[in-house]
Number of protein chains: 2
Amino acid sequence: MTKQKKHPTLKEVAKRAGVGTTTVSRVINAVEHVEPWTKARVERAIKELGYLPNHAARVLKGHKTRTIGLVVPSIADPFFSSCAEVLQGIARQHGFLLIVLTTHNESAMEREAVNTLIQHRVDGFVISPADAESDELRSLLTRVMVPVVALDRPVAGAVAPSVVADNFVGAEHATHHLIAHGYKRIACLTGEIELYTIRERARGYQAAMAAAGLKAMRNTSIYDCTACESAIEKMLKEPDPVDAIFTLKNSVTVDAFEVLQRMGVPIPEKVALIGYDDFQLAGTVRPSITVVQQPIEELGKTAAELLFRHLKGSSAVAMPAEAKARQQVLLKTSLIPRASCGCRPDPS
Amino acid sequence: MTKQKKHPTLKEVAKRAGVGTTTVSRVINAVEHVEPWTKARVERAIKELGYLPNHAARVLKGHKTRTIGLVVPSIADPFFSSCAEVLQGIARQHGFLLIVLTTHNESAMEREAVNTLIQHRVDGFVISPADAESDELRSLLTRVMVPVVALDRPVAGAVAPSVVADNFVGAEHATHHLIAHGYKRIACLTGEIELYTIRERARGYQAAMAAAGLKAMRNTSIYDCTACESAIEKMLKEPDPVDAIFTLKNSVTVDAFEVLQRMGVPIPEKVALIGYDDFQLAGTVRPSITVVQQPIEELGKTAAELLFRHLKGSSAVAMPAEAKARQQVLLKTSLIPRASCGCRPDPS
DNA sequence: CTGAAAGCGCTAACAT
DNA sequence: ATGTTAGCGCTTTCAG
């Protein structure tokens, strides 16, 4: 904790070095030529005063803020924190700063976050929209005047390019995998069906079931462990009980696994399990859990690169604006086969 | 992605509303009284133009940036991302923004990060120092002129208040727990011994062993799973083999667990295990793993609150600067007893 | 209750 | 090669 003195200014540096302000400016920006001797004196003055240029003044002069924003539901979520890490790293490589704002999937907070970023005149930002269909967000984003990239969830109406994983195909593939194993009574468990990603996964599940002529059994109200437990108990008591479960999000996968263990239901002999999203120890628990893995790092990296491509290309554009906005990157997921789907037993 | 038009300015709003700039300023800052009618016209103009005040200009006028920084090794690490989430939330409550910078525990990046924050004139920041003893950091921090709070790791020399968990006592307690169970050949496995937290934990382990008259067996070179495996294999082959393992960091705990499983070593019958840091599924794997749990959220919350207390109290200080700087908050950890230490079998 | 005007720290013409 | 000066958009005396 430290005292409150004022920061030294460029003018003070100039006075101390016995030169004009322009000269100092030239030295710190290393752009035009300055007499070596003058330069040395300026640099000494800078060091002595501990001078660091005032960012706000530069911005006010019409410069870029060299700052980007990240608007995500939560930064504690491993998915988004990994993306944030990647984004921060790439931003730093470009000499940019990262401002992080969380929305908890509430549009009010999201709107506030975007407005805040605009006030701060960020040069661009990455956003995981709470609601892909929101008209409000769409109009906000068209008004925003800086490059925006949607991450993990697209924005309807091609307002911004997006980088998302192929949730539909990922879920379809997983479901099909279960079907190929011979399971017929495959239930799908999830919460947060209002989210784009979950909806896509649910659609993928249903498409695969329909294609196989099987009856889809979807429960989208698994908010917590209790809900998960009662849902599973009920499904096992039915005359024609479930023989496989496909969970659409991490927490539900873990809950389902624990419930099954606690009930003494053998996996995959009695009930098989596949989860969406890989997680630490998914391969360590017994049985190990088969999952759909998302290319998390790649999502973040692609979004960051897309953003910076637009940031850099802003002056000399190669691509027409229309094409830019329509840019949709769809990244493949992969199924990690482990023991819980019946692919293979765990080595004991 | 969107076009590059200029942002409307306060002056433009004033012209459109047919008033002076001062009036507009008063309306947006809602500070002095403005004729309701005038106010209405200004507000309409603001809405029509989509005006948002330029943050840089405000800062230049000598205002606070209402921005704080967070400097941590990594934001992908669950520990730090949880802290970041908490900090971001509290910052938002105060109307502050959060800038996140990562250091990967490299002092060069750390120095760069702090300088960047100063340039941006953040009002204060939270930092997890790469090296608690670094003179460079200490002098940087004394020069910094804004409140700083150290998180998870202190800064030597009382340069800034710190909020850290009691790693020493946490580890001592865990070790003692193992000793109380009757284990005698207790090994301690870890990597990153250069970090303050790890060193403290190692010290705690050694203190407990010494107090019990047992021989400390410390291996601090577990960088990866392979190193872990060979270390464990070696320790089991000895004439007087290890009967318990205390791992000082998350990744090593998981590695050790997997190695033990793979080798078919029964836990805790042949070798007991306690890990430092709780993690998802630690209670779900079989056997469930006993761990030392850190009050992560509380660490973040306390650091944030400490920072904002100083931020708010900067004008009318109640506490002498000396007392502030010396402020060291030490948070208790707790041992979560599960099956791997031999406390109790898992329910099957 | 409202407006005119002076800067905040910096950069970029424009001079020299 | 270097200095002078005019603002960038905003807040804030100080008058009216």
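Just so you know, these numbers come straight off a predicted model, no measurement behind them.

S.K.: Break down the protein's contact with DNA strand C for me, citing the residues and quoting the values.
M.R.: Within the structure, DNA strand C sits among 27 residues, and Leu10 and Ala57 of chain A together with Gly20, His33 and Glu35 of chain B are positioned closest to it. Put simply, the parts of the chain that give the surface near DNA strand C at least two residues each are α1 (10-17), α2 (21-29) and α4 (55-60) of chain A together with α2 (21-29) of chain B. By residue number, the principal contributor to the surface near DNA strand C is α2 of chain A, which donates 5 residues. Of the residues in the surface near DNA strand C, the class split is 8 nonpolar, 13 polar and 6 charged.

S.K.: Give me the lowdown on the relation of the copies chain A and chain B, citing residues and values where you can.
M.R.: When chain A is brought onto chain B, the operation consists of a screw motion whose angular component is 180 degrees and whose axial shift is 0.0 Å, with 0.1 Å RMSD remaining. Look at the turn and shift together and you get a two-fold axis relating the two. A shared binding surface is used by both copies, with 100% of the interface residues of chain A retained as interface residues in chain B.

S.K.: Now, about unusual backbone geometry: what can you tell me, with residues and values included?
M.R.: Between Ile267 of chain A and the following residue, Pro268 of chain A, the backbone shows a cis peptide bond with an omega angle of 0 degrees. Mapping Pro268 of chain A onto the fold places it in the loop between α11 (250-263) and β9 (272-276). For Leu281 of chain A, which is not glycine, the phi dihedral falls at a positive 75 degrees. Tracing the backbone shows Leu281 of chain A in the loop between β9 and β10 (290-293). Here the phi dihedral of Asp152 of chain B falls at roughly 75 degrees; this positive angle occurs in a residue that is not glycine. Take Asp152 of chain B: it is sitting in the loop between β4 (148-151) and β5 (162-165). Since 26 C-beta atoms lie within 10 Å of it, Asp152 of chain B is described here as buried.

S.K.: Quick rundown of the protein's contact with DNA strand D? Include the residues and the values.
M.R.: Taken together, the neighbourhood of DNA strand D is formed by 27 residues, with Val19, Gly20 and Glu35 of chain A together with Leu10 and Ala57 of chain B sitting nearest. Within the residue set of the surface near DNA strand D, elements represented by two or more residues are α2 of chain A together with α1 (10-17), α2 and α4 (55-60) of chain B. With 5 residues, α2 of chain B is the single largest residue contributor to the surface near DNA strand D.

S.K.: Give me the sheet that holds β10 of chain A: which residues, what numbers.
M.R.: Residues and elements named next belong to chain A. Judged by pairing direction, the sheet is mixed, and its 6 strands sit side by side in the order β7-β6-β8-β9-β10-β12 without closing on themselves. Of all strands in the sheet, those with a lone pairing partner are β7 (217-219) and β12 (334-336), marking the two edges. Within the sheet, the average angular offset between the axes of one strand and its neighbour, ignoring direction, is 20 degrees. Taken together, the 4 bridges between strand β6 (residues 186-189) and strand β8 (residues 244-247) define a ladder with parallel strand orientation. Across the sheet, Leu189 pairs through a bridge with Thr247, a residue of β8. Along the sheet, helix α8 (residues 167-180) makes contact with β6, β8, β9, β10 and β12, crossing β9 at roughly 170 degrees.

S.K.: Kindly report on the interface of chain A and chain B, identifying the contributing residues and their values.
M.R.: The partner chain B presents 57 residues to the 57 residues of chain A that form the contact. At the level of secondary structure, the elements contributing two or more residues to the side of chain A that touches chain B comprise α4, α5 (78-93), β2 (97-102), α6 (107-119), α11 and α13 (321-326) of chain A. Of all the elements, α5 of chain A adds the most residues to the side of chain A that touches chain B, at 6 residues. Considering only residue class, the side of chain A that touches chain B consists of 30 nonpolar, 19 polar and 8 charged.

S.K.: A description of the sheet that holds strand β7 (residues 217-219) of chain B should follow, citing residues and the corresponding values.
M.R.: All names here are of chain B. An order of β7-β6-β8-β9-β10-β12 is seen for the 6 strands of this open sheet, with the pairing classed as mixed. Strands with a single pairing partner mark the edges of an open sheet, and in this sheet they are β7 and β12 (334-336). Neighbouring strand axes in the sheet, compared pairwise and without regard to direction, differ in orientation by 20 degrees on average. In the packing of helix α9 (residues 196-211) onto the sheet, contacts are made with β6 (186-189), β7, β8 (244-247) and β9 (272-276), and the angle to β6 comes to roughly 170 degrees.

S.K.: Describe the packing of helix α6 (residues 107-119) of chain B against helix α7 (residues 135-142) of chain B, with residues and values.
M.R.: Residue and element names in this part refer to chain B. Running from amino to carboxyl end, α6 crosses α7 at an angle of 5 degrees, the nearest separation of the two axes being 11 Å. Our classification of the angle between α6 and α7 gives roughly parallel. Along the contact surface, α6 presents Ser107, Glu110, Arg111 and Val114, while α7 presents Glu136, Leu137 and Leu140. Of the residues that constitute the contact of α6 with α7, the class distribution is 3 nonpolar, 1 polar and 3 charged.

So, how was this worked out
Residues numbered from 1 in each chain as written. Chains lettered and ligands numbered in written order. Predicted model: local features only at pLDDT ≥ 70, side-chain atom pairs only at ≥ 80, totals over all residues. Near = placed C-beta within 6 Å. Helix = DSSP H or I, 4+ residues; strand = E, 2+ residues; numbered from the N terminus. Nonpolar A, V, L, I, M, F, W, Y, C, P; charged D, E, K, R; others polar. Least-squares fit on C-alpha atoms with pLDDT ≥ 70 in both. Contact = placed C-beta atoms within 7 Å. Buried ≥ 20, exposed ≤ 12 C-beta atoms within 10 Å, placed from the backbone. Pairing = 2+ DSSP bridges. Axes fitted to C-alpha atoms, helices over the stretch in contact; angles between N-to-C directions. Parallel < 35°, antiparallel > 145°, perpendicular 65-115°, else oblique.

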